[in-house]
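# Architecture at a glance
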Amino acid sequence: MQTNNAIRNVAIIAHVDHGKTTLVDAMFAQSGVYRAGQAVSERAMDTMDLERERGITIAAKNCSVVWKGVKINIIDTPGHADFGGEVERALTMADGALLLVDASEGPLPQTRFVLKKTFEAGLRVGVIINKIDRKDARPLAVLDDLYDLFIDLGADEEQLDFPFLYAIGREGVAQETSDEKGRDLTPLFDLILREIPGPVHDPDAPFQMRVSDLGYSDYLGRLAVGKISNGRVRSHDSLVCIDRENRENPLRVSKIQVYEGMTLREAENADPGDIIVLSGVEDVQIGDTICMKDHARPLRRITVDEPTVSMKFTINTSPFVGREGAIVQSRKIRERLLKETLRNVAIQVEEADAGGANAEVFLVKGRGEFQMAILIETLRREGFEFTVGRPEVIYRWEKGRQMEPVEHLFIDCDETYTGVVTEKLSVRKGRMTNMVHGSTGRVRLEFSIPSRGLIGYRDEFLTDTRGTGIMNWYFLGYEEYRGDFPTRRTGSIVSDRQGVAVAYALFNLEPRGQIFIVPNDPVYEGMIIGEHNRPNDIIANPSKEKKLTNMRASGRDENVILTSVKPMTLEWAIHFIREDEMVEVTPKSIRLRKAELSGQKRHQMVAHRRKSA
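Report on the accompanying structure.

Here is what the cut-offs are and how they apply
Residues numbered from 1 in each chain as written. Predicted model: local features only at pLDDT ≥ 70, side-chain atom pairs only at ≥ 80, totals over all residues. Heavy atoms only, no water. Helix = DSSP H or I, 4+ residues; strand = E, 2+ residues; numbered from the N terminus. Rg over C-alpha atoms; globule rule 2.2 N^0.38 Å. Buried < 20%, exposed > 50% of the residue type's maximum accessible area, 1.4 Å probe, protein only. Contact = heavy atoms within 4.5 Å. Areas by Shrake-Rupley, 256 points an atom, 1.4 Å probe, with all protein chains shown as cover. Lys, Arg positive; Asp, Glu negative; His and termini not counted. Charge placed at Lys NZ, Arg CZ, Asp CG, Glu CD. Axes fitted to C-alpha atoms, helices over the stretch in contact; angles between N-to-C directions. Parallel < 35°, antiparallel > 145°, perpendicular 65-115°, else oblique. Left-handed = near helix turned anticlockwise from the far one by under 90°. Nonpolar A, V, L, I, M, F, W, Y, C, P; charged D, E, K, R; others polar. Phe/Tyr/Trp six-rings, centres within 6.5 Å; stacked < 30°, edge-to-face > 60°. Pairing = 2+ DSSP bridges. Polar contact = N/O pair within 3.5 Å; in protein donor to acceptor, adjacent residues only side chain to side chain. Salt bridge = Lys/Arg side-chain N within 4 Å of Asp/Glu carboxyl O. Core = buried A, V, L, I, M, F, W, Y, C linked by side-chain atoms within 4.5 Å. Expected span 1.5 Å × (residues − 1).

## Focus: the overall build of the protein chain
Of regular secondary structure, the protein chain possesses 15 helices and 37 strands. The C-alpha radius of gyration of the protein chain comes to 27 Å, within 12% of the 25 Å expected for a compact globule of 613 residues. Dimensions of the protein chain, computed from C-alpha atoms along their principal axes, come out at roughly 95 × 60 × 60 Å. Of all 613 residues assigned to the protein chain, the portion counted as buried reaches 53%. Counting contacts in the protein chain only where the partners sit at least 6 residues apart, residues at least 24 apart contribute 71% of the total. Per element, the accessible surface of the protein chain, about 29200 Å² overall, is 47% carbon and sulfur. Within the protein chain, one finds 83 positive and 92 negative side-chain charges whose respective centroids are separated by 6 Å.

## So, the environment of Lys588
Counting through the fold element by element, Lys588 comes out in the loop between β36 (581-585) and β37 (590-594). A sequence separation of 207 residues divides Lys588 from Arg381, and the C-alpha atoms of the two residues are 8.8 Å apart. If near-sequence neighbours (up to four positions away) are discounted, Lys588 is found in contact with Glu324 and Arg380.

## Here's the deal with the packing of helix α4 (residues 109-120) against helix α5 (residues 139-152)
Packing of α4 against α5 brings their axes to within 11 Å, and their N-to-C directions diverge by 50°. It follows that α4 is oblique to α5 by the angle criterion. Where α4 crosses over α5, the two elements pack in a sense that is right-handed. Seen from α4, the contacting residues are Thr111, Arg112, Leu115 and Phe119; seen from α5, they are Leu149, Phe150 and Asp152. Residues that form the contact of α4 with α5 fall into these classes: 4 nonpolar, 1 polar and 2 charged.

## Things to note about the packing of aromatic side chains
Taken as a whole and assessed by the stated rule, the structure comprises 15 aromatic pairs. Ring plane angle 75° and centroid distance 5.8 Å describe the contact between Tyr395 and Tyr481, whose orientation is recorded as edge-to-face. Of this pair, Tyr395 sits in the loop between β24 (392-393) and β25 (396-398) while Tyr481 sits in the loop between β29 (470-480) and β30 (491-495); the two residues are 86 residues apart in sequence, bridging distant segments of the chain. What makes Tyr395 partly exposed here is its relative accessible area of 32%.

## Quick look at the pairing of strand β10 (residues 208-217)
Two faces, one strand: in a regular strand the side chains alternate between the faces of the sheet. Burial runs high along β10: 9 of the 10 residues are buried. Relative to strand β11 (residues 221-230), β10 is paired through 9 bridges, and the arrangement is antiparallel. Note on β11: the bridge partner recorded for Arg210 is Lys227. Counted along the chain from β10 to the antiparallel partner β11, the turn is 3 residues long. Across 3 bridges, the pairing between β10 and strand β19 (residues 289-292) is antiparallel. Bridge pairing in β19 places Arg210 opposite Thr289.

## What about the side chain of Lys71?
Residue position: Lys71 is located in strand β4 (residues 70-76). Within the structure, Lys71 has its side chain in polar contact with the side chain of Asp274 (distance 3.4 Å). Not counting residues within four places of it along the chain, the set of residues in contact with Lys71 comprises Ala6, Ile7, Arg8, Ser64, Val65, Val66, Val258, Tyr259 and Asp274.

## Concerning the pattern of salt bridges
Throughout the structure, instances matching the rule amount to 45 salt bridges. For Lys71, the salt bridge identified is with Asp274, shortest N-O distance 3.4 Å. Placement of Lys71 in strand β4 and of Asp274 in the loop between β17 (269-270) and β18 (275-279) is noted, with a sequence separation of 203 residues between them. Both residues of the pair, Lys71 and Asp274, count as buried. Ionic pairing is found between Arg301 and Asp288, a salt bridge with its closest N-O pair at 2.9 Å. Linking Arg301 in the loop between β19 and β20 (309-315) with Asp288 in the loop between β18 and β19, this pair joins segments that are 13 residues apart in sequence. With relative accessibility at 18%, the residue Arg301 sits in the buried group. Asp288 gets classed as buried once you look at its relative accessible area, which sits at 2%. One network of salt bridges, with partners in common, ties together Arg488, Asp537, Arg578, Asp580, Glu581 and Lys594.

## Thoughts on the nonpolar core
Judged by nonpolar contacts, the single largest core of 37 residues is most densely connected at Ile13, Leu99, Ile129, Leu146 and Phe150. With 5 residues, the single largest contributor to this core is α5. In this structure, Ile347, Ala373, Ile528 and Ile590 belong to the second largest nonpolar core, which totals 28 residues.

## Describing the sheet that holds strand β14 (residues 248-252)
Each strand in a sheet pairs with another by means of backbone hydrogen bonds, the pair being arranged parallel or else antiparallel. Spatial ordering of the open sheet is given by β14-β13-β19-β10-β11-β18-β15-β16, a layout of 8 strands whose pairing is antiparallel. Bordering the open sheet on either side are β14 and β16 (263-267), each of which pairs with just one other strand. For this sheet, the mean inter-axis angle between neighbouring strands, taken without regard to orientation, is 40°. As judged from the 5 bridges shared by β11 and β18, these two strands associate in the antiparallel manner. If you follow Val225 over to β18, its bridge partner there is Val277.

## Considering helix α9 (residues 369-381)
In a regular helix each residue adds 1.5 Å, so 13 residues correspond to 18 Å; α9 covers 18 Å between its end C-alpha atoms and thus fits that length. By the criterion of burial, α9 is predominantly enclosed, with 11 of the 13 residues buried. The complete set of buried residues in α9 reads Glu369, Phe370, Gln371, Met372, Ala373, Ile374, Leu375, Ile376, Glu377, Leu379 and Arg380. Of the residues trailing α9, Gly383 is marked for its positive phi of about 100°.

## Notes on unusual backbone geometry
You will see that Lys131, though not glycine, has its phi angle at about 60°, which is positive. As for its position among the elements, Lys131 is in the loop between β6 (124-130) and α5. Of note in this structure, Arg466 is not a glycine but carries a positive phi near 55°. Checked against the element boundaries, Arg466 lands in the loop between α12 (457-464) and β29.

Here is the structure:
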């Protein structure tokens, strides 16, 4: 085996909002990617609109810099737990990793997850303690916490002897001690060259590459991204793609591209260990092996953790179908969902009842409701119109026992709110496992809680802690079902007819609960227009106008002043609905509705259930 010392492939991993993408910006600036005077934007690697709006990385991306003649391929990975599949996929292209940790918050749940996956991949890890300029920074204590985390994850002596630096990513400086004043990122680049090994390959083996990502170009078609494991490849070589069933599909590469900064550059050939992009590959999926036709040997496929949450996607059956969305057909929705599974290895799509009564219902499985919300938001921005159901956890059966996914939950809040947080989580079958009191009046709580107990809890948690609480979690495993608990203690206010909302009707409905719509909003039968104060649903007429007479008197015709309505967000909507309710999603609107729109049919269904009971 030989090592290609001209290349380093390094993944940057961290918990969400610990500064990965900002640090990559500084690496670009100091390695010569930007020319002098070039106007650049912050968080250049966050290329998706949703990433810029939410300030998080959603998809793993590749880029490269050159330092002292060595090409460094950088893989920027997501930090949110719901996008862990992206991290697992990206690590297959890396030979080492930089673990970024906030100097104040320290290692958090996603830090544990990404570090565990890095150990499983056998990668060399370097640590960067970032944001040491924060007023509440505690870099030395965080370093001790990291040693504890490494030991807890079963690190060996070599892994425990990890190199580390202190950094201020926003200012583009790194330093070897917490006291000195850094000038630039030279210590970081030198650490990568010194500690991260070059890619290892067999000099006598023919070309092999595992597909770790997919792309698409209007000019080149489908693109296959991956690291060359062995051998070299040239344009127009005759290759084969080995799929999941070990079938060999012939292909001919039309163009080879390599990463140069944030862009791609065409190349005649590529060396072992480099991360390349091949075009001319049509029928390919993530995990497939591309190799020489005469030496077809597959590499180990990419495996990721199983999904824990599912949601039903179906066509829109409301009276407003097609008014705001251009794509409403079930065939188009199915094609788009299947296309998503090609690029996102953590997403699975099943037809709920192929050929049956529910042939237009698709079951989408993923890591969490936030990942589902991002997928839904992406589809609605592409012009799709559809409806989705409430997120449901995926159960297992082992030896006749029902098993459910369980999360390790971390809560950081003021001591004042400890009681209400503990009470709410205990109702959701959470069990406290640890409590640590801080010196600043805050407390860190740890719970073992079913995944279904966290669905819809974030908004309630922020309200209970007045927006000052922080909650994070990671997947712990499967445990025996802990029992039922109420998901929502309030009912819904449901419209009984189609029409337009009127201020007079909404004003008289306000004492019954919280209203979701405003005057002149279109409504239809079965649409949820508010939250009832009591557990039962009520039927209302939001289009009812005041009866007028020809008699007028002082004080009789008063102005109607309505309570302001909180704008509805997609995440809140999918958390709010019950099992018999759905969210109607269009490019312009988000509406809540009953799964069965007809009030008469809903009444008959309730009567039938009572008789059956």
